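The residues making up each chain are set out below.
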Amino acid sequence: MGRTVLPFTQELYREEASWAPFRRALRKEDRELLDDLFAAARIHTAACAFAGRPVPFEAILVSMLLEQRRAMRELELKLEALEMKG
């Protein structure tokens, strides 16, 4: 019996490849942002696999949002620190 479910890392690369036409239509700077989003999703592949979502892209999107939220929190903390100084 073979493996019937792709490892999540392969699922993520398959999903990223499926967005290639969309990526090609973007401006260069937007392509870099899209690449950053998929890179952020790769940080959480273990959690995505564990989530066992029937639609893997849901876990990929939540991973992207999580990293975006982390970046916003870091910027908020830096802004607060700057406001306290001056």
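As a starting point, this report considers the structure included with it. (Residues numbered from 1 in each chain as written. Predicted model: local features only at pLDDT ≥ 70, side-chain atom pairs only at ≥ 80, totals over all residues. Heavy atoms only, no water.)

**With respect to helix α3 (residues 28-43)**
(1) Moving on: Here α3 is 16 residues long and its end C-alpha atoms lie 23 Å apart, about the 22 Å a rise of 1.5 Å per residue gives.
(2) Moving on: Within α3, the full set of buried residues consists of Leu34, Phe38, Ala40 and Ala41. Each buried residue of α3 sits inside an arc of 150° when the element is viewed along its axis, so together they form one side. Exposed residues lying more than 90 degrees from the buried face of α3 are Lys28 and Ile43. (Helix = DSSP H or I, 4+ residues; strand = E, 2+ residues; numbered from the N terminus. Expected span 1.5 Å × (residues − 1). Buried < 20%, exposed > 50% of the residue type's maximum accessible area, 1.4 Å probe, protein only. Arc of directions from axis to C-beta.)

**Here's the deal with the environment of histidine 44**
(1) Moving on: Looking at where histidine 44 falls in the secondary structure, it is placed in the loop between α3 and α4 (45-51).
(2) Moving on: Taking the relative accessible area as the measure of exposure, histidine 44 reaches 15% and is therefore buried.
(3) Moving on: Here the alpha-carbon distance between histidine 44 and glutamate 29, two residues 15 residues apart in the chain, equals 24 Å.

**Here we look at the nonpolar core**
(1) Moving on: If you look at the biggest cluster of nonpolar residues, it comprises ten residues: Phe8, Leu12, Leu26, Leu34, Phe38, Ala41, Cys48, Ala59, Ile60 and Met64.
(2) Moving on: Elements with a minimum of two residues in this core: α1 (8-18), α3 and α5 (56-85).
(3) Moving on: The residues touching leucine 34, leaving out its near neighbours within four places in the chain, are Phe22, Arg23 and Leu26. (Core = buried A, V, L, I, M, F, W, Y, C linked by side-chain atoms within 4.5 Å. Contact = heavy atoms within 4.5 Å.)

**A short note on the packing of aromatic side chains**
(1) Moving on: Tallied over the full model, the rule gives two aromatic pairs.
(2) Moving on: Geometrically, the ring pair formed by tryptophan 19 and phenylalanine 22 is edge-to-face, given 5.4 Å between the ring centres and 85° between the ring planes.
(3) Moving on: In this structure phenylalanine 22 comes out as partly exposed when scored by relative accessible area, which is 42%.
(4) Moving on: Relative to phenylalanine 57, the ring of tryptophan 19 has its centre 5.7 Å away and its plane inclined at 25°; by these criteria the two rings are stacked. (Phe/Tyr/Trp six-rings, centres within 6.5 Å; stacked < 30°, edge-to-face > 60°.)

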